[in-house]
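# Topology and contacts: notes
Each chain is listed here by its residues.
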Amino acid sequence: MKEFLTPRQIVAELDKYIIGQEDAKKNVAIALRNRWRRMAAPSEIQQEIVPNNILMIGSTGVGKTEIARRLAGIADAPFTKVEASKFTEVGYVGRDVESMVRDLVEQSVNMVRSQKQQAVKEKAMEAVEEVILDALIPPMRGGSNFSSTTADEPKNDHELNERTRERFREKIRNGELEDRKIEITVTQNPASGIGVAAPGMDEASMIGLQDMLGSMMPKKTRKRKLTIAEARKVLLEEEAAKLIDMEEVKEEAIRRAENTGIIFIDEIDKIAVSSAKGGGPDVSREGVQRDLLPIVEGSSVATKHGTIKTDHILFVAAGAFHLSKPSDLIPELQGRFPIRVELVDLTEDDFYQILSEPKNALTKQYEALLKAESVELSFQDAALKRLAEIAFRVNSEIENIGARRLNTVVSKLLNDILFDVPDVIGANAKIVITAEMVDERLGDMVQDRDLSQYIL
Ligand SMILES: Nc1ncnc2c1ncn2[C@@H]1O[C@H](COP(=O)(O)OP(=O)(O)OP(=O)(O)O)[C@@H](O)[C@H]1O
Ligand SMILES: [Mg+2]
């Protein structure tokens, strides 16, 4: 198994994007590392070690989804993120909860396939070169086969053909013919375009049927005229596919998804039935929770790539729990998420850091946007402090939408500038945002509650 990040390294990686929320980062890092630890454990105990699923709780806009997104990049494992509110109970129209496991397997198959493709890439490239060459200068079939001993003069057509081919092979390799059009035969995926839908049929059987019909249809081939550059891409895919054993890929993918897969269930609070609401339990939401149970607890799910056991998949759930509480989830489900981490509300100082520090910080995004117009945008430290202060104040006075408030505040601040570039503010201009500018543009709005309610 290749190098796997240690818990501290995982946190360091998350730190590049997420400010604060140490507790959440730490627990997520432990859970991730535990996956690796389990795989290294003796096989008798391996089966017994169950993942400690995590429930992240925190108000809106404090980084729950952001952590999930960044985790996906770090995990180097099949990862899928779903929104609990999208699911409907089995038997009703809509996505059933098992589809999240199917998504995970799909993800895993893609991952394994592209790794295998990488491994056979060189071989596939050679094959592709041959196909392209054949399309350019078709080889001569039959004919006399004796070769000449004197290299200069071709003895016959056959040899002339060979020489021409070698010359073009050079040119192809040097990229001299990238724009030249050639005609190649490509196979079309027969499964695409067949839609199957029947009332009362769930998604799994629908996909199954689709696949079955697809494989029954003869594979269609089609001639296409493409430039060599384009043809190379198309052909590489085909040639690589020929070199890969798909059955092996599927097996490996299922194994990986079973042992290292992570499913992130966002907005889980949306399926909790609020006790405060009254009017009896919401049957359909509770139904979704009940459907979730066996998956989280461990069961077998049929996918088009094979059957997968969900026992060791790690589940991370997150929700704001504004209108409901974790205790509004059915008790069985609560028990399946033993690790609770609370994400704290962000402070003014957090806002200040979020504005400038993360790799994808808002200020960096706008700087990059204006750079495209050759305008240099920069923010003075005092301006960032003022922005953070304003965002924090609007949050506490009107509605707390967390770090998302920074988006509205900054976009309001820069609106005029974004409009004036490049017509009024030309290329090579330097714009420095100062605290005074922030006050000037946003000050009134913050003072006036009614105004800020609509604008910020
Ligand atoms: N701790 C943080 N560090 C850096 N950026 C953050 C942080 N929290 C939130 N953000 C920014 O705010 C945006 C919204 O955060 P996110 O999507 O994670 O909210 P959430 O916690 O999932 O809220 P919701 O409950 O509404 O889904 C993110 O895109 C991110 O840019
Ligand atoms: Mg979210």
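Going by the structure above, here's the rest.
The sections below set out a description of the structure shown in this document. (Residues numbered from 1 in each chain as written. Chains lettered and ligands numbered in written order. Predicted model: local features only at pLDDT ≥ 70, side-chain atom pairs only at ≥ 80, totals over all residues.)

### Let's talk about the overall build of the protein
Defined as follows: Secondary structure elements are taken from DSSP: a helix is a run of H or I of four residues or more, a strand is a run of E of two residues or more, and numbering for both begins at the N terminus. Residues are scored as being in contact if the C-beta atoms we place from backbone atoms lie within 7 Å.
A tally of helices and strands in the protein yields 18 helices and 11 strands. Within the protein, residue pairs in contact and separated by at least 24 positions form 78% of the contacts whose partners lie at least 6 positions apart.

### Remarks on the environment of E440
Put simply, the rule reads: For the exposure call, what matters is how many other C-beta atoms sit within 10 Å of a residue's own: 20 or more marks it buried, 12 or fewer exposed, and in between partly exposed, using C-beta atoms placed from the backbone.
With respect to the element layout, E440 can be found in helix α17 (residues 435–447). You can call E440 exposed: it has 11 C-beta atoms within 10 Å. For the pair E440 and L413, spaced 27 residues apart in sequence, the C-alpha to C-alpha distance is 9.4 Å.

### Examining the environment of A388
The topology assignment puts A388 in helix α15 (residues 381–397). The spacing of A388 and L406 is 18 residues in sequence and 7.5 Å in space, taken between C-alpha atoms. Once residues lying within four places of it in the same chain are set aside, the contact partners of A388 are E348, F351, Y352 and L355.

### Notes on the packing of helix α6 (residues 121–136) against helix α9 (residues 228–243)
Operational definition: The axes used here are C-alpha line fits, helices contributing only the stretch in contact, and every angle between their N-to-C directions lies in the interval 0 to 180 degrees. If an angle is under 35 degrees, it is roughly parallel; if it is over 145, roughly antiparallel; if it lies from 65 to 115, roughly perpendicular; otherwise it is oblique. Here a crossing is taken to be left-handed if its near helix is turned anticlockwise relative to the far helix by less than a right angle, and right-handed if that turn runs clockwise.
Relative to each other, α6 and α9 sit at 125°, their axes nearing to 8 Å. In terms of orientation, α6 lies oblique with respect to α9. Note that α6 runs across α9; the crossing there is right-handed. Counting all contacts with α6, which are made through K121, K123, A124, M125, A127, V128, V131 and I132, the residues of α9 involved are I228, A231, R232, L235, L236, E239, A240 and L243.

### Quick look at the nonpolar core
How we decide: Each nonpolar core consists of buried Ala, Val, Leu, Ile, Met, Phe, Trp, Tyr and Cys residues. Their C-beta atoms, within 7 Å, join them into a set. Residue ranges labeled as domains rest on an automatic or database domain assignment.
One finds V316, F351 and L387 to be the most contacted residues of the largest nonpolar core, which totals 81 residues. Looking at this core element by element, the count peaks at eight residues for α15. The two domains that each donate at least three residues to this core are domain 1 (7–112 + 253–342) and domain 3 (348–448). The residues touching V316, leaving out its near neighbours within four places in the chain, are V28, N53, I54, M56, A68, I262 and F264.

### A few points about the site of ligand 1
Stated precisely, the cut-off is as follows: Defining nearness, a residue is near a molecule or strand when the C-beta atom obtained from its backbone falls within 6 Å of it.
In the neighbourhood of ligand 1, 18 residues make up the surrounding shell, with T60, G63, K64, T65 and A403 lying closest. The biggest single contributor to the shell around ligand 1 is helix α4 (residues 64–75), with three residues. Domain assignment of the residues forming the shell around ligand 1 places at least three in each of domain 1 (7–112 + 253–342) and domain 3 (348–448).

### Structural notes on the packing of helix α1 (residues 7–15) against helix α2 (residues 22–40)
What counts is decided by this rule: Three residue categories are used. Nonpolar comprises Ala, Val, Leu, Ile, Met, Phe, Trp, Tyr, Cys and Pro, charged comprises Asp, Glu, Lys and Arg, and polar comprises the others, including Gly.
Across the interface, α1 lies against α2 with an axial gap of 8 Å and an inter-helix angle of 130°. In this view, α1 runs oblique relative to α2, as classed from their interaxial angle. In this structure, the crossing between α1 and α2 has a hand that is right-handed. Residues P7, I10, V11 and L14 of α1 touch α2, and the partners they reach there are K25, K26, A29, I30, L32 and R33. Looking at the contact of α1 with α2 residue by residue, the classes come out as seven nonpolar, no polar and three charged.

### Considerations on the sheet that holds strand β5 (residues 262–266)
Strand pairing in a sheet relies on backbone hydrogen bonds, with the paired strands running either antiparallel or parallel. Our working rule: Note: two strands are recorded as paired if DSSP finds a minimum of 2 bridges between them.
An order of β2-β5-β8-β1-β9 is seen for the five strands of this open sheet, with the pairing classed as parallel. This sheet does not close on itself; its edge strands, each paired only once, are β2 (79–83) and β9 (339–342). Neighbour to neighbour, the strand axes of the sheet diverge by 20° on average, direction disregarded. The pairing of β5 with strand β8 (residues 314–319) spans four bridges and is classified as parallel. By the bridge assignment for β8, I265 is matched with A317.

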